[in-house]
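Architecture at a glance
Residue-level listing of the chains:
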Amino acid sequence: MRASTSSPLTLSLGLAAGLALAATVMLGVSLPASVEQGEYSRLIAIHPGLAWASYLCFGVTALASAAWLWPRTRSSRWDLLAGASAEIGVVFTALTLATGSIWGRPTWGVWWVWDARLTLSALMLALYLGYLALRRVPDPPEIRARRCAVAALLSVVVVPLNHFAVDWWRTLHQGRSFAQLDPGNALDGEFIGAMLVGLLAMTLLYSWLLVHRYRVARLEDERDERSLEEALEERRREAVVV
Amino acid sequence: MWRDALLVAAKDLRIEARSRVAANQVAPFAVLVLVLFAFALDPDRGVLERAAAGLFWVAVLFSAVLAVQRSQAVEGADGTADALRLSGLDPAGIFLGKAAALAVELFALEVVLGAGVVVLYGVEPGGYLLLFAVAAAATLGLAAAGTIYGALAGGARMRETLLPLLLLPAVAPVLVAATRASEAALGTAVAATTAADWMSLLGVLAVVYLAFGVVAFGPLMEER
């Protein structure tokens, strides 16, 4: 059994992610403070990247779940990959909400507003926390995998529906007032550059975390199987002694 | 499929008619929630009347969680789930039957809650046709989503705590759409919400959840 989750692949992914993150921080810090948002406008270097990565995570979870459900491609690896990706996705979604909140406090004057996108992210977080809770239920792996795969695919259906509902809910109520406060309107080249580097950095970070988390899950699986085999072997030896 | 659905729905409703769990426990709980809202929000300032549509649907949602748990508990006892699987009934039919029975129970609950809202919150009822359409579409969506998530969480240990966490974020759009459409029907809408938009969203939700259940219930039934 492998004792480590690192390999040349993860090493190079990790180095690339580290470099890209360092570049994001440097670019973000060097951005000019904007008139309306002051220092906080620099969050644009990481916030959109985090949001993008969270969608990427849940997309990978859905694809892996579909691959598990498809009889020809069914393998426990897909299930482990789906779980690993969803776990990282929850972290990225929580960070998206946190950075959005830190940005919203000075800009909107409150930590939280019932903006369509914020509400959608919060619902998505709740949805995937539920998915992770379902994954933790102690059941035979096959049963758990089937249940989780269905839940992941259902979440893919639910997220767009939530999107429509909260979008209409907010836009019908108060027009596009928040959209006007969006940092997107005053973007110039520098901001776009920092944002793109941030997107790349978060994607690399996600890939690096995913490979490690997936390998940890494989190791856990192998350990469980081995300990079962060892326990069986022990019982057999007892039988021979008697 | 339709015959199987009818059989299962009749079975669930017969069990309910004899055990009276929904009538004796879920319905009183729902009314209790309405009373608790009145305690939390000052009844004298017209807050209740203005928020009635939203409070009504939140009460429905909470009761739906209990009703779904009950609907799954019926299958959990005495190896009924295995018997149902061995019966050769079409899984899609079983899904539709369970969802239909749940929808009938929820609809009855909504009638009770509607009367409660009129009596306790002083809401002037109106727009009956639209209200009926809203209730029908929202109930179908809730029942379908509830049956899917109930089956997902039903076999799992810790299901009591798992079900609300899974179900409530998924039916959030039903709550939003049903509340806005009901407000439009009652004439208490804050903004010029168009009931037609929300009705179409409710319709789409019901169709999507029903279709997903018909496709996914087979694999979900295999497991237990």
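Whatever comes next refers back to the structure up there.
The sections below set out a description of the structure shown in this document. (Residues numbered from 1 in each chain as written. Chains lettered and ligands numbered in written order. Predicted model: local features only at pLDDT ≥ 70, side-chain atom pairs only at ≥ 80, totals over all residues. Heavy atoms only, no water.)

1. Let's talk about the packing of aromatic side chains
Geometrically, a pair of aromatic rings is defined through the distance of the ring centres and the angle of the planes. According to the stated counting rule, one finds five aromatic pairs over all chains in the structure shown. Seen from their ring centres, Phe58 of chain A and Tyr128 of chain A are 3.6 Å apart, and the 5° between their planes marks the pair as stacked. With Phe58 of chain A in helix α2 (residues 47-69) and Tyr128 of chain A in helix α4 (residues 116-135), this pair connects stretches of sequence that are 70 residues apart. Assigned by exposure class, Phe58 of chain A and Tyr128 of chain A land together as buried. On the numbers, 5.7 Å between centres and 80° between planes, the contact of Phe107 of chain B with Phe132 of chain B is edge-to-face. Pair noted here: Phe107 of chain B is in helix α5 (residues 91-121) and Phe132 of chain B is in helix α6 (residues 128-154), with a separation of 25 residues, a long-range link. (Phe/Tyr/Trp six-rings, centres within 6.5 Å; stacked < 30°, edge-to-face > 60°. Helix = DSSP H or I, 4+ residues; strand = E, 2+ residues; numbered from the N terminus. Buried < 20%, exposed > 50% of the residue type's maximum accessible area, 1.4 Å probe, protein only.)

2. Digging into the environment of Leu6 of chain B
Looking at where Leu6 of chain B falls in the secondary structure, it is placed in helix α1 (residues 2-19). Between the C-alpha atom of Leu6 of chain B and that of Glu222 of chain B, which follows or precedes it by 216 residues, the distance is 21 Å.

3. Brief notes about the interface of chain A and chain B
Across the boundary between the two partners, chain A contributes 29 residues, which contact 32 residues of chain B. When the two sides are added together, the surface that chain A and chain B hide from each other amounts to roughly 2800 Å², 77% of it contributed by carbon and sulfur. It is Arg147, Leu154 and Leu161 of chain A in chain A that bury the most area against chain B; as a group they hold 21% of the surface buried on that side. Across the contact surface, chain A and chain B share zero salt bridges. Within the residue set of the side of chain A that touches chain B, elements represented by two or more residues are α4 and α5 (141-174) of chain A. Per-element accounting of the side of chain A that touches chain B gives the leading share, 17 residues, to α5 of chain A. (Contact = heavy atoms within 4.5 Å. Buried area = accessible area lost by both parts, 1.4 Å probe. Salt bridge = Lys/Arg side-chain N within 4 Å of Asp/Glu carboxyl O.)

4. Topic: the pattern of salt bridges
Scanning the entire structure with this criterion turns up 14 salt bridges over all chains. Between Glu142 of chain A and Arg146 of chain A there is a salt bridge, with the nearest N and O atoms lying 3.5 Å from each other. Here Arg146 of chain A and Glu142 of chain A lie together in helix α5, a separation of four residues that amounts to about one turn. Arg146 of chain A sits in the buried class, given a relative accessible area of 7%. Linking Lys98 of chain B and Glu75 of chain B is a salt bridge whose minimum nitrogen-to-oxygen distance equals 2.5 Å.

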